[in-house]
Amino acid sequence: MSSTLEVVQNHPLTASLTKALAILLPNASASLFENAKSILLLYVLLTHSLKAYRHLRARTVGGTVREFYKWLSQRLVFLYLRLPSNVQKVKSQLEQARSDIERRLIPQGPNVTRHLELPAEGQTLEWILAEMERMDKESPSHTKWAEGKLSGAVYHGGDDLTKVIVAAYSRYCVSNPLHPDVFPAVRKMEAEIVAMCLRLYNNPSGAGTMTSGGTESIVMAVKTYREWARKTKGITEPEMVIPTSAHAAFDKAAAYFKIKVHTIPVDPYTRKVDLKRVKNAINANTIMVVGSAVNFPDGNQDDIVGLGKLASKYRVGLHVDCCLGSFIMPYLERAGLSGGLDGKYKLEPFDFRVQGVTSISCDTHKYGFAPKGTSVIMYKCADLRKYQYYIFPDWPGGVYPSPSLSGSRPGALIAGCWAAMQHIGDSGYLASCKDIVSCARQIAETIRTTIPELYILGSPPASVVAFASKHPKVNVLDVGDRMSRKGWHLNALSGPAAVHIACTRLTLQVVDTFISDLKECIKDAKNSPTAGGTMVALYGLGKSSAVGPSMVGEVATAFIDTMYKA
């Protein structure tokens with residue numbers, strides 16, 4: 001207890017307030033001064049005790065102990081790695097990883113032409129197209145996206161749609177929504193895109209804006225709740241509660257906006273966030289809770305109704321991440337696909353009809369088949385949306401209002417998105433949902449019934465299927481690496497180790513090939529397991545030690561650095 005009091009007595013707040021009292025009450029009696037000081041000490045002690053209680057309630061005692069153990073282990077290992085005998089070894093290994101990345105990403109050889117400065121004279125269109133073709137041949141991808149051997153990434157709506165998008169882009173290639181009076185048609189198209197999405201998610205009287213993608217939509221939602229909570233509740237130390245399966249963009253936003261994150265585990269079987277733990281994590285500083293429909297890692301849906309009840313009870317925001325569900329989830333029921341893999345799954349409510357849902361993000365550039373760089377963030381009402389805006393009234397350059405992160409924005413992408421939605425239409429999206437979800441369920445059902453070494457994570461309702469190993473001799477990440485050598489580009493997961501495929505229209509043509517290749521890779525992995533490959537290195541070995549994630553972080557940094565190396 002005495003050590004705790006010492007910490008409180010030495011706290012900067014205590015010292016500052018003590019000095020303030022001495023200035024304001026120079027003639028006060030010693031007893032009055034000591035009483036005031038004791039009250040201040042008690043205030044600081046209670047404040048820190050409350051923070052500790054909230055932390056323990058959200059993380060549990062066991063979780064807090066594990067966090068401390070992890071932190072302590074990392075500190076000790078890092079100290080060990082700083083020994084002179086180890087510094088050079090770690091540096092050498094990281095340099096080797098960097099060299100491997102550069103070898104894979106940067107074209108090599110004497111015949112590679114590098115354009116590191118502007119040409120003396122402008123080049124012709126013919127030259128530019130020929131050079132682009134040559135660059136494609138310089139660094140051929142191991143995956144040819146048009147063949148369909150990839151998870152998500154390319155949401156191709158067909159050659160006819162590509163022509164429509166290119167025509168729309170060409171017409172508005174110089175437009176900038178920052179100047180709506182100059183480009184009124186683009187302003188109108190953006191407003192109509194938001195209106196169409198609001199109706200799709202059953203909130204025609206709501207509000208929203210377009211963004212550059214799912215990450216910006218999520219970041220804007222987090223910013224909105226931070227400003228809303230500060231204005232309406234006086235919250236200055238905001239916190240948010242998210243599932244472990246939530247998109248990394250929520251952590252990214254929290255890092256940008258200085259928000260404390262409580263990450264809640266999901267049920268290992270249903271893959272839904274633990275509602276009891278969510279409830280325990282909500283406190284007076286909570287600004288929002290999060291649910292996914294569907295999540296990126298394994299394609300499962302959280303209990304949005306349950307989360308909505310908690311959000312309503314504690315008067316906090318509830319954001320539903322439908323970036324990946326986009327134009328699939330709203331059509332499932334009409335497509336007759338509300339039954340799950342085992343016939344027992346029922347599509348659970350997830351949109352604005354659910355009480356407590358206050359915002360939803362939807363990526364038009366995924367299953368809306370719009371050009372990359374378009375997404376929509378929707379709010380229950382316009383009163384909430386205004387907290388997303390940034391307005392600088394006193395700038396010497398004039399009043400500066402901005403609806404989202406960007407100032408200038410590419411109106412051509414908005415035009416392309418509007419054109420795609422108009423070209424496909426409601427019936428086209430309904431048919432697309434039927435085809436893609438049926439494809440995903442065919443893959444999942446085939447894995448469940450014919451590949452005993454694997455199991456499906458949860459009961460994914462939409463387009464994503466994640467599978468993990470239940471065989472002691474089959475490392476699913478090794479299987480993923482072997483699939484990569486067969487030309488597949490799949491996503492590796494951790495917690496548990498798994499691999500997922502996000503089905504698109506392109507996947508329809510290669511379902512049988514996928515299953516055949518998967519079975520062959522499992523057989524090979526069982527007979528001759530290896531420890532090599534990107535998936536194993538980053539997602540498997542990365543968690544095998546206290547500093548694994550940090551080392552993976554160093555490799556990821558090298559990867560990003562390499563992306564900008566000409």
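Residues numbered from 1 in each chain as written. Predicted model: local features only at pLDDT ≥ 70, side-chain atom pairs only at ≥ 80, totals over all residues. Heavy atoms only, no water.

## Things to note about the overall build of the protein
The condition is simple: Where helices and strands are cited, they refer to DSSP runs of H or I of at least four residues and of E of at least two residues respectively, numbered from the N terminus. A simple rule labels every residue: compare its accessible area, found with a 1.4 Å probe on the protein chains alone, to the largest value its type can have, and call it buried under 20%, exposed over 50%, or partly exposed in between. The contact definition used throughout considers only heavy atoms, calling two residues in contact when any of these lie within 4.5 Å. Residue-level accessible areas treat just the shown protein chains as cover; the underlying method is Shrake-Rupley with a 1.4 Å probe.
Regarding its fold elements, the protein presents 18 helices and 13 strands. Across the 566 residues that make up the protein, the buried fraction comes to 45%. Taking the intrachain contacts of the protein between residues at least 6 apart in sequence as the baseline, contacts between residues at least 24 apart amount to 73%. Accessible surface, the protein as shown: approximately 29,300 Å² in total, 58% of it carbon and sulfur.

## Notes on the side chain of Glu 453
Tracing the backbone through its elements, the reader meets Glu 453 in the loop between α14 (411-450) and β10 (454-456). On the basis of relative accessibility, which here comes to 14%, the residue Glu 453 falls in the buried class. Residue contacts for Glu 453: discarding those within four places in its chain leaves Ala 468, Ser 469, Lys 470, His 471, Val 474, Ile 522 and Lys 526.

## Describing helix α15 (residues 476-485)
Under the convention used in this document: For this analysis, a polar contact is any N or O atom pair within 3.5 Å, provided that within protein one partner can donate a hydrogen and the other can accept it, and provided that sequence-adjacent residues contribute only side-chain to side-chain pairs.
Most of α15 is tucked away: 8 of the 10 residues are buried. Restricting attention to buried positions, one finds in α15 the residues Val 476, Leu 477, Asp 478, Val 479, Gly 480, Asp 481, Arg 482 and Met 483. Capping of α15 at its N-terminal end is provided by Asn 475; its side-chain oxygen lies 2.9 Å from the backbone amide nitrogen of Leu 477. Of the residues trailing α15, Gly 487 is marked for its positive phi of about 95 degrees.

## Some points on the sheet that holds β10
To keep it simple, the criterion reads: Strands pair, by our definition, only if DSSP identifies at least two bridges between them. Note on definitions: angles span 0 to 180 degrees between N-to-C directions of axes, and those axes are lines fitted to C-alpha atoms, for helices only across the stretch in contact.
Pairing within the open sheet is antiparallel, and its 4 strands lie in the order β10-β11-β13-β12. Whereas interior strands pair on both sides, the edge strands pair on one side only; in this sheet they are β10 and β12 (491-493). Strand after strand, the sheet turns through a mean of 30 degrees between neighbouring axes, direction not considered. Bridge analysis of β12 against strand β13 (residues 498-502) gives 3 bridges, and the strand direction is antiparallel. Residue pairing for β13: Asn 491 is matched across the bridge by His 500. Seen against the sheet, α14 touches β10 and β11 (464-469) and runs at an angle of roughly 140 degrees to β10. Strands in contact with α15 are β10, β11, β12 and β13; relative to β13, the strand with the most contacts, it is inclined by about 45 degrees.

## Focus: the pattern of salt bridges
Counted only if it meets this: A pair is scored as a salt bridge if a Lys or Arg side-chain nitrogen falls within 4 Å of a carboxyl oxygen belonging to Asp or Glu.
For the structure shown, the criterion picks out 21 salt bridges. Here Glu 138 and Arg 134 are joined by a salt bridge, their closest N and O atoms 2.4 Å apart. On the criterion of helical spacing, the pair formed by Glu 138 and Arg 134 is a turn pair, its members being 4 residues apart in helix α6 (residues 125-138). Because the salt bridges share partners, they merge into one network encompassing Glu 131, Arg 134 and Glu 138.

## What about the packing of aromatic side chains?
We count it as follows: Any two rings among Phe, Tyr and Trp, with Trp reduced to its six-membered ring, count as a pair given centres within 6.5 Å; such a pair is stacked if its planes are under 30 degrees apart, edge-to-face if over 60, and tilted if neither.
This structure, assessed with the given rule, holds 10 aromatic pairs. Relative to Tyr 400, the ring of Trp 395 has its centre 5.9 Å away and its plane inclined at 85 degrees; by these criteria the two rings are edge-to-face. Classification of Tyr 400 by relative accessible area gives partly exposed; the value is 26%.

## Side note on the sheet that holds strand β4 (residues 286-292)
The 7 strands lie next to each other as β1-β7-β6-β5-β4-β2-β3, forming an open sheet whose pairing is mixed. The sheet is open, and its two edges are formed by β1 (207-211) and β3 (260-264), each paired on a single side. Strand-to-strand twist of the sheet, defined as the mean angle between neighbouring strand axes without regard to direction, takes the value 20 degrees. Strand direction decides the pairing type here: strand β6 (residues 359-362) and strand β7 (residues 375-379), joined by 4 bridges, are antiparallel. When the bridges of β7 are listed, Cys 362 appears paired with Val 376. Where helix α9 (residues 214-233) meets the sheet, it contacts β1, β2 (239-243), β4, β5 (317-321), β6 and β7, and its direction lies at approximately 25 degrees from that of β7.

## Quick notes on the environment of Gly 458
Within the secondary structure, Gly 458 is located in the loop between β10 and β11. Residue Gly 458 is classed as partly exposed on the basis of its relative accessible area of 22%. For the pair Gly 458 and Gly 299, spaced 159 residues apart in sequence, the C-alpha to C-alpha distance is 8.5 Å. With residues up to four places along the chain from it excluded, the contact list for Gly 458 reads Tyr 269, Thr 270, Arg 271 and Asn 300.

## What to know about the packing of α15 against helix α16 (residues 511-527)
The line we're drawing: When an angle is under 35 degrees it counts as roughly parallel; over 145 it counts as roughly antiparallel; between 65 and 115 it counts as roughly perpendicular; any other value is oblique. By convention the crossing between two helices is left-handed if the near helix lies anticlockwise of the far one by an angle smaller than a right angle, and right-handed if it lies clockwise. Side-chain classes are defined by residue name, with Ala, Val, Leu, Ile, Met, Phe, Trp, Tyr, Cys and Pro counting as nonpolar, Asp, Glu, Lys and Arg as charged, and the others, Gly among them, as polar.
Contact pair α15 / α16: the axes reach a minimum separation of 9 Å and the direction vectors enclose 125 degrees. With respect to their mutual orientation, α15 and α16 come out oblique. Where α15 crosses over α16, the two elements pack in a sense that is right-handed. Of α16, the residues touching α15 (which contributes Asp 478, Val 479, Arg 482 and Met 483) are Phe 514, Asp 517, Leu 518, Cys 521, Ile 522, Asp 524 and Ala 525. Residue composition of the contact of α15 with α16, grouped by class: 7 nonpolar, no polar and 4 charged.

## Considering the pairing of β3
To keep things clear, this is the line we draw: By convention, a crossover is right-handed whenever its connection, traced from the first strand over the helix to the second and viewed with the strands pointing away, goes clockwise.
Taken together, the 5 bridges between β2 and β3 define a ladder with parallel strand orientation. In the strand pairing of β3, Pro 243 is matched with Ile 264. For the segment spanning β2, helix α10 (residues 248-257) and β3, crossover handedness is right-handed.

## Comments concerning the nonpolar core
As a reminder, the rule being used: Buried Ala, Val, Leu, Ile, Met, Phe, Trp, Tyr and Cys residues that are joined via side-chain atoms within 4.5 Å together make up what is termed a nonpolar core.
Formed by 96 residues in total, the largest nonpolar core has its most connected members in Tyr 201, Val 278, Met 378, Ile 447, Phe 467, Phe 514 and Leu 518. Top element by residues in this core is α14. It accounts for 17 residues. Once residues lying within four places of it in the same chain are set aside, the contact partners of Met 378 are Cys 197, Leu 198, Tyr 201, Ala 207, Gly 208, Phe 352, Thr 358, Ser 359, Ile 360 and Cys 362. Listed in part, the 27 residues of the second largest apolar core include Val 222, Trp 228, Ile 242 and Phe 257.

## A short note on a nonpolar patch on the surface
Test applied: Patch criteria: residues need more than 30% relative accessible area and no salt bridge. Like-charged residues are merged within 9 Å; nonpolar side chains of Val, Leu, Ile, Met, Phe, Trp and Tyr are merged within 5 Å.
On the surface, a cluster of nonpolar side chains totalling about 560 Å² of accessible area is made up of Leu 125, Trp 127, Ile 128, Leu 129, Met 132 and Met 135. For Met 135, the position within the fold is in helix α6.

## Details of the side chain of Arg 482
In this fold, Arg 482 is placed in helix α15. With near-sequence residues (within four places) excluded, Arg 482 lies in contact with Cys 521, Asp 524, Ala 525, Ser 528, Pro 529 and Thr 530.

## Focus on the packing of α9 against α10
For the pair α9 and α10, interaxial distance at closest approach is 9 Å and the crossing angle is 45 degrees. Comparing the axis directions of α9 and α10 gives the class oblique. Here α9 runs over α10; the crossing is right-handed. Listed contacts from α10 to Thr 215, Ile 218, Val 219, Val 222, Lys 223 and Arg 226 of α9 are Ala 249, Phe 250, Lys 252, Ala 253 and Phe 257. Residue classes in the contact of α9 with α10 are distributed as 7 nonpolar, 1 polar and 3 charged.

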